[in-house]
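Here's the letter readout for the chains.
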Amino acid sequence: MKRATAYSFSGGLLNTQASFRVNEMDVLLETKIPLKLWKRGKVRDIYEIGDNLLFIATDRISAFDVVFPTGIPHKGKCLNQLSLFWFNKMKDVINNHILESDFEKFPQEARFDELRNRSIIVKKSEPLPVECVIRGYLAGSGWRSYKKTGEICGIKLPKGLKEAEKFEEPLFTPSTKATSGHDENISMEQLEAIVGKETAKELKEKSIEIYLKASEYAEKRGIIIADTKFEFGRVDGELILIDELLTPDSSRFWPMDRYELGTAPESLDKEYLRQYLLKSSWNREPPAPELPEEVVSETSRRYLDIYKRLTGRELDV
Ligand SMILES: Nc1ncnc2c1ncn2[C@@H]1O[C@H](COP(=O)(O)OP(=O)(O)O)[C@@H](O)[C@H]1O
Ligand SMILES: [Mg+2]
């Protein structure tokens, strides 16, 4: 059930030097813009624009740290708009990197129609080299680790917890941010050694506060945030929230009405793709295979579904 995917590069509307790898379903896989490329991440293409960054969410998808040749319709727009929604909700808790989210107000050099609804201009920060993971429920790698050792990231947990069980208090389980390969969990002491004692404390407190506030909101909309990951950076010394926020790429979302203690709840995020891949013959080493049409459309449907459930709005496409 392999899918042959036809992609074409098209010129930008305003500047013919730009090109975009887009398929017939309007899936954007890669951009080439006449600005200095600052970083091509697994999902985002980031360019320098003046002293700031043009932060573009493509429709690329990765799993097990490998990027797939197939894109997911609407994914980039969903990540961008959901992050904006949450950054805005959290602005009383912490400042964030967003400078401009209105495409109409972008500087001319960034105004390519292909970037509409999937791009923002952000402050260039000095990213802290760690990921701040918060877990409210026992799931995924946390559950696997607990079964083996009774601990998660060096945190000793009570005996007899069941899969998907809610923790009394959310756990802060930071990890390194690997430039290549997989992130590694670290203890609070290791975090302190990397970012300093004071910053480590601030990261933990802010992460828990954001998680609790987001969870309270999401639960009113029938969604459990089982776990999630934040990234922080510094701009002129100030600690701010960067990257993406509470998206299906960075979080595990469970529909509340399907929650059952002792089983892995069906989740509205990338877990569906991971489960498909674990059953497939792919060995999780690059190159990643093309994804079948059914997996692409089912994944896309999940991204759109969680966007609508959380925001109550339709995506701007
Ligand atoms: N405001 C910012 N300043 C500097 N770096 C940022 C900022 N926001 C996000 N980043 C970095 O940009 C990258 C986002 O692109 P992404 O495709 O998600 O990368 P990754 O493959 O590392 O997940 C991440 O490496 C993230 O740390
Ligand atoms: Mg990322």
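Residues numbered from 1 in each chain as written. Chains lettered and ligands numbered in written order. Predicted model: local features only at pLDDT ≥ 70, side-chain atom pairs only at ≥ 80, totals over all residues.

Asks: I would appreciate a short explanation of the packing of helix α1 (residues 75–89) against helix α6 (residues 293–311) in the present structure.
Replies: When two helices pack together, their arrangement is given by the angle between the helix axes and the distance between those axes. Running from N to C, α1 and α6 point in directions that differ by 20 degrees, and their axes come no closer than 10 Å. When the interaxial angle is binned, α1 and α6 end up roughly parallel. The element α1 and its partner α6 pack so that their crossing is left-handed. When α1 is examined against α6, the residues Lys75, Cys78, Gln81, Leu82 and Phe85 are found in contact with a partner set consisting of Ser300, Tyr303, Leu304, Tyr307, Leu310 and Thr311. Looking at the contact of α1 with α6 residue by residue, the classes come out as seven nonpolar, three polar and one charged. (Axes fitted to C-alpha atoms, helices over the stretch in contact; angles between N-to-C directions. Helix = DSSP H or I, 4+ residues; strand = E, 2+ residues; numbered from the N terminus. Parallel < 35°, antiparallel > 145°, perpendicular 65-115°, else oblique. Left-handed = near helix turned anticlockwise from the far one by under 90°. Contact = placed C-beta atoms within 7 Å. Nonpolar A, V, L, I, M, F, W, Y, C, P; charged D, E, K, R; others polar.)

Asks: I would appreciate a short explanation of helix α4 (residues 197–220) in the present structure.
Replies: A rise of 1.5 Å per residue sets the reference length of α4, with its 24 residues, at 34 Å; its end C-alpha atoms lie 35 Å apart and thus fit the reference within 8%. Residues Ala200, Leu203, Ser207, Ile210, Tyr211, Ala214 and Ala218 constitute the buried set of α4. Next to the buried residues of α4 lie α1, β12 (130–137), β15 (166–172), α3 (188–195), β17 (223–235) and α6. Just past α4, the residue glycine 222 takes up positive phi, approximately 80 degrees. (Expected span 1.5 Å × (residues − 1). Buried ≥ 20, exposed ≤ 12 C-beta atoms within 10 Å, placed from the backbone.)

Asks: Would you explain α1 in this entry?
Replies: Because the α-helix completes a turn every 3.6 residues, residues three or four places apart line up on one side. Between its terminal C-alpha atoms α1 stretches 21 Å, which fits the 21 Å expected from 15 residues at 1.5 Å a residue. Of all 15 residues that make up α1, eleven are buried, and the element is covered over most of its length. Every buried residue of α1 is accounted for by Lys75, Gly76, Lys77, Cys78, Leu79, Asn80, Gln81, Leu82, Ser83, Trp86 and Phe87.

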